[in-house]
Amino acid sequence: MPLDMTGPSRYDDEVHHRRYLTKEGSIKVIAVQSFDYRDYSSERFVDFGVFATAEEAECTPLDPDDATRHATEIPEDDLVQLQAVRLVRAISAHGGYVAGRI
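Residues numbered from 1 in each chain as written. Predicted model: local features only at pLDDT ≥ 70, side-chain atom pairs only at ≥ 80, totals over all residues. Heavy atoms only, no water.

1. So, the environment of Phe35
Okay, step 1: Mapping Phe35 onto the fold places it in the loop between strand S2 (27–32) and helix H1 (54–59).
Okay, step 2: When the C-alpha atoms of Phe35 and Tyr11 are compared, they prove to be 8.1 Å apart, with 24 residues separating the residues in sequence. (Helix = DSSP H or I, 4+ residues; strand = E, 2+ residues; numbered from the N terminus.)

Structure below.
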């Protein structure tokens, strides 16, 4: 079972911005609303942060504790633990800030 970092915002019909880990390993800001979530892998959302603007998402420091804390709620799942480590490493590589937009 993968770590689902979408949170309740996946049901929000209003446009909002999230931070997403690309396949290349960079963190990007994406604009989404409820129907867009099916086009993205739930385990690639970096945190539970939801922002009204892309600028706000880019400027707000990332919190690696989100992934770590959520992963510990699912005991003894190696895939979830690896996913959390991948997210935390990606956040650390960006110095706690988002690099750009999709």
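Read on for the rest.
2. Topic: the pattern of salt bridges
Pairing between side chains of opposite charge can happen when the charged atoms of each approach one another.
Okay, step 1: Taken as a whole and assessed by the stated rule, the structure comprises two salt bridges.
Okay, step 2: Arg19 is paired through a salt bridge with Asp47; the nearest N and O atoms lie 2.5 Å apart. Here the residue Arg19 occupies a position in strand S1 (residues 16–21), and Asp47 occupies one in the loop between S2 and H1, the gap between them amounting to 28 residues. Assigned by exposure class, Arg19 and Asp47 land together as buried. (Salt bridge = Lys/Arg side-chain N within 4 Å of Asp/Glu carboxyl O. Buried < 20%, exposed > 50% of the residue type's maximum accessible area, 1.4 Å probe, protein only.)

3. Notes on the pairing of S2
Note on strand geometry: in a regular strand, side chains alternate between the two faces of the sheet.
Okay, step 1: As defined by bridge partners, S1 adjoins S2 across six bridges and the pair is classed as antiparallel. Note that in S2 the partner of Arg18 across the bridge is Ile30.
Okay, step 2: Counting the residues that bridge the hairpin from S1 to S2 gives five residues, and of these Gly25 lies at a positive phi of roughly 95°. (Pairing = 2+ DSSP bridges.)

4. Concerning the packing of aromatic side chains
The geometry of an aromatic ring pair is captured by the separation of the ring centres together with the interplanar angle, meaning the angle of the planes.
Okay, step 1: Evaluated as defined, the whole model comprises four aromatic pairs.
Okay, step 2: Ring plane angle 65° and centroid distance 6.2 Å describe the contact between Tyr40 and Phe45, whose orientation is recorded as edge-to-face.
Okay, step 3: Judged by relative accessible area, Tyr40 falls into the partly exposed class, the value being 24%.
Okay, step 4: Linked through ring pairs, Tyr20, Tyr37, Tyr40 and Phe45 together constitute an aromatic cluster. (Phe/Tyr/Trp six-rings, centres within 6.5 Å; stacked < 30°, edge-to-face > 60°.)

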